[in-house]
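Commentary on secondary and tertiary structure
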Amino acid sequence: KGVATCCDSHYELVEQFKCLEQQSESRIQLLQDLQEFFRRKVEIELEYSRSLDKLAERFSSKIRSSREHQQFK
């Protein structure tokens, strides 16, 4: 009976370890996926920000040149 209990305990520990290992692997994968998501999100936001800056600069210079033109009339 003592040997069976020892083997049963060992089997349970091995199964628990496998379960923890699977959970760890799935959490690692989730973190890698989140890391990739946020990396891509930052790239998109930087691109968007640069585009807005260019748009604002175009309209600002257009407004400045329009005001300068009106002063000479």
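In what follows, the accompanying structure is described. Throughout, residues of each chain are indexed from 1 in the direction in which the sequence is written. A pLDDT threshold of at least 70 governs which residues receive local features in this predicted model, and a stricter bar of 80 or more applies before side-chain atom pairs are shown or counted, although totals over entire chains, interfaces and linings include all residues. Just so you know, side-chain values use all the structure's heavy atoms and leave hydrogens and water out.

This part is about the overall build of the protein. Secondary structure counts use DSSP, requiring at least four H or I residues in a row for a helix and at least two E residues in a row for a strand, with both numbered from the N terminus. Helix and strand content of the protein: 1 helix and 0 strands. Classification of the 73 residues of the protein by burial places 0% in the buried group. We get accessible surface area from the Shrake-Rupley algorithm with a probe of 1.4 Å; when it comes to residues, only the shown protein chains can shield them. With the model as given, the accessible surface of the protein reaches about 7200 Å², and the carbon-plus-sulfur share is 59%. Burial here depends on accessible area, computed with a 1.4 Å probe over protein chains only, as a share of the maximum for the residue type. Under 20% is buried, over 50% is exposed, and the range in between is partly exposed.

A few words on the pattern of salt bridges. Here a salt bridge means any side-chain nitrogen of Lys or Arg lying within 4 Å of a carboxyl oxygen belonging to Asp or Glu. Enumeration over the complete set of coordinates arrives at 6 salt bridges. Arg-40 is the salt-bridge partner of Glu-43, the closest N and O atoms lying 3.1 Å from each other. Of this pair, Glu-43 and Arg-40 both sit in helix α1 (residues 2-71), separated by 3 residues, roughly a single helical turn. On the basis of relative accessible area, Arg-40 is assigned to the partly exposed category, the value being 40%. Via salt bridges that share partners, Glu-36, Arg-39, Arg-40 and Glu-43 belong to a single interconnected network.

The residues that make up patches have over 30% relative accessible area and no salt bridge, and they are joined within 9 Å when like-charged or within 5 Å when they are Val, Leu, Ile, Met, Phe, Trp or Tyr. A contiguous nonpolar patch, built from Leu-30, Leu-31, Leu-34, Phe-37 and Phe-38 and spanning about 510 Å² of accessible area, is present on the exposed surface. Along the chain, the position of Phe-38 falls in helix α1.

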